[in-house]
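Take a look at the letters that make up each chain.
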Amino acid sequence: DGINHMSQAQKDAARQSLGLDQPLMQQYVRWAQNVLRGDWGISFKYKQPVTSVLGSMYQNTLLLGGLAYVCTFGLALLLGVFCALHEDRFVDKLICKIGTITNCIPSFWVSLVLILIFSVNLGWLPSSGAYALGRAGDILSRLRHLILPLSVLVLSHLWYYAYMVRNKLMEEMHETTMETD
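Remember, it's a predicted structure, so these values are computed and weren't measured experimentally.

Conventions we followed
Residues numbered from 1 in each chain as written. Predicted model: local features only at pLDDT ≥ 70, side-chain atom pairs only at ≥ 80, totals over all residues. Heavy atoms only, no water. Helix = DSSP H or I, 4+ residues; strand = E, 2+ residues; numbered from the N terminus. Rg over C-alpha atoms; globule rule 2.2 N^0.38 Å. Buried < 20%, exposed > 50% of the residue type's maximum accessible area, 1.4 Å probe, protein only. Contact = heavy atoms within 4.5 Å. Areas by Shrake-Rupley, 256 points an atom, 1.4 Å probe, with all protein chains shown as cover. Expected span 1.5 Å × (residues − 1). Bend = angle between axes of the 7 residues up to and from the residue.

What's the story with the overall build of the chain in this structure? I'm lost.
Tallying secondary structure elements over the chain gives 6 helices and 0 strands in all. Listed N to C, the secondary structure of the chain is α-α-α-α-α-α in terms of helices and strands. In summary, the chain has a C-alpha radius of gyration of 25 Å against a globular reference of 16 Å for 181 residues, an excess of more than 25%. Overall, the chain is about 90 × 40 × 30 Å in size when its C-alpha atoms are taken along their principal axes. Evaluated residue by residue, the chain yields a buried proportion of 18% over its 181 residues. Within the chain, counting contacts between residues at least 6 apart in sequence, those at least 24 apart form 55% of the total. Looking at the chain as shown, the accessible area adds up to about 13,300 Å², and 67% of this sits on carbon and sulfur atoms.

Just to check I follow, could you spell out the environment of Leu64 for this structure?
Residue position: Leu64 is located in helix α3 (residues 50–85). When the C-alpha atoms of Leu64 and Val53 are compared, they prove to be 18 Å apart, with 11 residues separating the residues in sequence. Each residue touching Leu64, except ones within four places of it in the same chain, is listed here: Leu146, Pro149, Leu150 and Leu153.

Please explain α3 as it appears in this structure.
The α-helix winds at 3.6 residues per turn, so residues separated by three or four positions along the chain end up facing the same way. Relative to the 52 Å expected for 36 residues at 1.5 Å per residue, α3 spans 50 Å between its end C-alpha atoms, a close match to the ideal helical length. Roughly 40° is the biggest bend found in α3, and it falls at Met57. When α3 is considered as a whole, its buried residues turn out to be Val53, Leu64, Ala68, Thr72, Ala76, Gly80, Cys83 and Ala84. In the core, the buried residues of α3 are packed alongside α4 (90–103) and α6 (139–180).

All quantities given are derived from atomic positions and should not be read as evidence of function.
In structure tokens form, the structure reads like this:
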């Protein structure tokens, strides 16, 4: 709304300083050169350089990604071994069916359902953010905020890797039994 209160001279000066008075191809080339130099411009939301905004947020991404990686592969290994040891029994068939169904559900849908249940209806978990306002150093606040996104990341990838572990172990076990026969 602030742009509507600018005079035409102010608008022209702003367009010139931003390079918006140049042809589109020239704007694109300048943008690409800036990106390659590490200048990603100014964030509209935070009103500061994008690189500094990203720099302050990469720690949360690494924490969430690292925990999701460890949990997904740890649980996939356990689940895959369990299913392989109980091959073709009721529990294996049940886990395989549930895993196949849950693997087909898009992660954005799982996210929305978990937020609806645990944040909106029950009020147990926060629906967004990395920590409660003003509590960046509080470990418990960070852990509470990690539960939902971590659950979604693990659930969306768990069965794929568990199924690979299960099948590889069953293949190895079948080869071993064939060699001993």
